Amino acid sequence: MDRLVNTVRPYAWGSTTAIPELLGTEPTGEPQAELWMGAHPGAPSRLDRGAGPVPLSEVIDADPAGELGEQVAERFGPRLPFLLKLLAAASPLSLQVHPDRAQAAAGFAGEESRGVPADAPYRNYKDANHKPELICALSPFEGLCGFRPAAATAALFDGLGVDSLKPYGDILRAEPESGALREVLTAVLTADREEMAETARQAGRAAERLARSPGPHRETYAAHASIARHHPGDPGVIAAMLLNHVRLQPGEALYLGAGVPHAYLQGFGVEVMANSDNVLRCGLTPKHIDVPELLRVTRFESTAPGILRPEAVNGEETYETPAEEFRLSRFAPAEGGAPRQLPSGSPQILLCTAGSVLLTADDGRRLELRPGDSAYAAAGESAELSGAGTVFRATVAP
């Protein structure tokens, strides 16, 4: 077991207080959006095995089979296949879609063959991997996930009373759903920038008004009013209205697979994802938007945002997803309860979010974790968990 020292990412949308409050540190006044735990080259965790702090990525590079286990190294190559994060959003993140594995491999190979610089702002594919992800709420959490049924979005547009949205409502009602969703998203992202900015501003003002009035869609209008305040005149304000509005309570989770448009709006949670940077953006951002590539990877079908709740087996509460690269679970031992043996055989990262827990390795080494503390265990290491608190466990799916 190795205690991890992790890096905070200060993205502009981040909360100034959520991560410091969990860590028990003073806020700096600057956004603290994400705390990364893993071996991602952008901000690898560090650990000390007696010779000073070393990035976890270097530890794994030196002995992939020993750290990851032979099976994991064979399946995913010589790197940790997942990245664990604390994510604290005070304002909306960009509206985005992730490619599937085949699309990512083809897109990366194509940009490499064309000589697109790795750091070019217009580059779409940073690597050849896909990026499924899971967010588990630590506080009430809001997001957008998947297309709302076309007829329901048409009704939402009607409620806004914005004349320039009426043609989109007509399309959503008249055409087969897949074609209608594609046509409307394409039109929003390729329209005259000034005309769409005015539509977005009008829609934002209407949503503000409707959010203050009683009605069945009050919460949805409030969410879109907030988006419009944070991104005035952005075409993504309208694109976001095509998606389901989702609210998670603490302990609930949301899985985001390939091709599903989504955005986090606000809240604090634990996120785990495949170790990839591949994102196709479609709004709520000043960054590059490649409309043709975005349309190629997006799944134009309405989907219910399935909210996940953990399944408990022998004290371990697991969030089941189809992802191969990761599995997220949670332990909540009580004071005086019997120690729980943590499964071994794959690399794992443990993150404490409440209380105080003790990890005891087979060789007697002990490691106490308090809120915000995390630890890494190589594939061959096992340990017992005791104390009273909440610990999230990220590892590779079996």
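The preceding data block contains the structure.
Since the structure is predicted, the reported quantities are computational estimates derived from the model, not experimental observations.

Rules used in this analysis
Residues numbered from 1 in each chain as written. Predicted model: local features only at pLDDT ≥ 70, side-chain atom pairs only at ≥ 80, totals over all residues. Heavy atoms only, no water. Helix = DSSP H or I, 4+ residues; strand = E, 2+ residues; numbered from the N terminus. Expected span 1.5 Å × (residues − 1). Buried < 20%, exposed > 50% of the residue type's maximum accessible area, 1.4 Å probe, protein only. Arc of directions from axis to C-beta. 1 Å grid on protein atoms, 1.4 Å probe; cavity = no way out; pocket = protein on both sides within 12 Å on 5 of 7 lines; lining within 4 Å. Points joined across faces, edges and corners; volume = space filled by probe spheres on them. Salt bridge = Lys/Arg side-chain N within 4 Å of Asp/Glu carboxyl O. Pairing = 2+ DSSP bridges. Polar contact = N/O pair within 3.5 Å; in protein donor to acceptor, adjacent residues only side chain to side chain. Contact = heavy atoms within 4.5 Å. Nonpolar A, V, L, I, M, F, W, Y, C, P; charged D, E, K, R; others polar.

**A few points about helix 5 (residues 101-113)**
In step 1: Along its 13 residues, helix 5 runs 18 Å from first to last C-alpha, staying within 8% of the 18 Å computed at 1.5 Å per residue.
In step 2: Residues of helix 5 that are buried: Q103, A104, G107, G110 and E111. When helix 5 is viewed along its axis, its buried side chains cluster within an angular range of 135 degrees and face the same direction. More than 90 degrees from the buried face of helix 5, the exposed residues found are A102 and S113.

**Details of the layout of surface pockets**
To find leftover empty space, one rolls a probe the size of a water molecule over the atoms.
In step 1: The volume enclosed by the largest pocket comes to roughly 940 Å³.
In step 2: Considering the residues around the largest pocket, the lining is formed by 43 residues, among which S94, Q96, V279, R281 and K287 are closest to the centre.
In step 3: For the lining of the largest pocket, the elements supplying multiple residues, two or more each, are strand 3 (34-37), strand 6 (82-89), strand 12 (262-274) and strand 13 (280-283).
In step 4: Ranked by residues supplied to the lining of the largest pocket, first place goes to strand 12 with 5 residues.

**With respect to the pattern of salt bridges**
In step 1: Enumeration over the complete set of coordinates arrives at 24 salt bridges.
In step 2: Residue R49 pairs with E67 through a salt bridge whose shortest N-O separation is 2.9 Å. Residue R49 is found in the loop between strand 4 (46-48) and strand 5 (53-55), and its partner E67 is found in helix 3 (residues 64-68); the two are separated by 18 residues along the sequence.
In step 3: The class for R49 is partly exposed, based on a relative accessible area of 45%.
In step 4: Look at E67 and you get buried, because its relative accessible area is 8%.
In step 5: For R393, the salt bridge identified is with E316, shortest N-O distance 2.9 Å.

**Digging into unusual backbone geometry**
In step 1: Notably, L284 is not glycine yet its phi reads approximately 60 degrees, a positive angle.
In step 2: Within the secondary structure, L284 is located in the loop between strand 13 and helix 12 (291-297).
In step 3: Using a relative accessible area of 3% as the deciding quantity, one classes L284 as buried.
In step 4: Positive phi, normally seen in glycine, also occurs at N314, with a value near 55 degrees.
In step 5: Secondary-structure assignment places N314 in the loop between strand 15 (311-313) and strand 16 (316-319).
In step 6: Given the relative accessible area of 74%, N314 is considered exposed.

**A few points about the pairing of strand 10 (residues 243-248)**
In step 1: Burial of strand 10 is extensive: 5 of the 6 residues sit out of reach of the surface.
In step 2: Note that strand 9 (residues 141-147) and strand 10 share 5 bridges and pair antiparallel. Within the sheet, the bridge partner assigned to F147 lies in strand 10 and is L243.

**Focus: the side chain of D2**
In step 1: Inspection of the secondary structure puts D2 in strand 1 (residues 2-3).
In step 2: In terms of polar contacts, D2 uses its side chain to reach the side chain of R49, at 3.0 Å.
In step 3: Discounting residues that sit within four places of it in the chain, D2 has contacts with L47, D48, R49, L367, S374, A375 and Y376.

**Some points on the environment of F392**
In step 1: Considering the arrangement of structural elements, one finds F392 in strand 22 (residues 383-395).
In step 2: Considering only alpha carbons, one finds F392 and C352, 40 residues apart in sequence, at a separation of 6.4 Å.

**Here we look at the environment of V188**
In step 1: As for its placement among the helices and strands, V188 is situated in helix 8 (residues 177-190).
In step 2: What makes V188 buried here is its relative accessible area of 1%.
In step 3: Between the C-alpha atom of V188 and that of L254, which follows or precedes it by 66 residues, the distance is 27 Å.
In step 4: Those residues within four positions of V188 in sequence are excluded, and the remaining contacts are Y168, M196, P235, I238 and A239.

**Quick look at helix 7 (residues 166-174)**
In step 1: Listing the buried residues of helix 7 in full gives Y168, G169, I171 and L172. With its buried residues spanning 160 degrees around the axis, helix 7 presents them on a single face.

**Topic: empty space enclosed by the protein**
In step 1: Taken as a whole and assessed by the stated rule, the structure comprises 1 cavity of 30 Å³ or more.
In step 2: Reported here for the largest cavity is a volume of approximately 30 Å³.
In step 3: Lining the largest cavity are L95, F147, L185, A239, L243, P261 and C282.
In step 4: Per-class residue counts for the lining of the largest cavity are 7 nonpolar, no polar and no charged.

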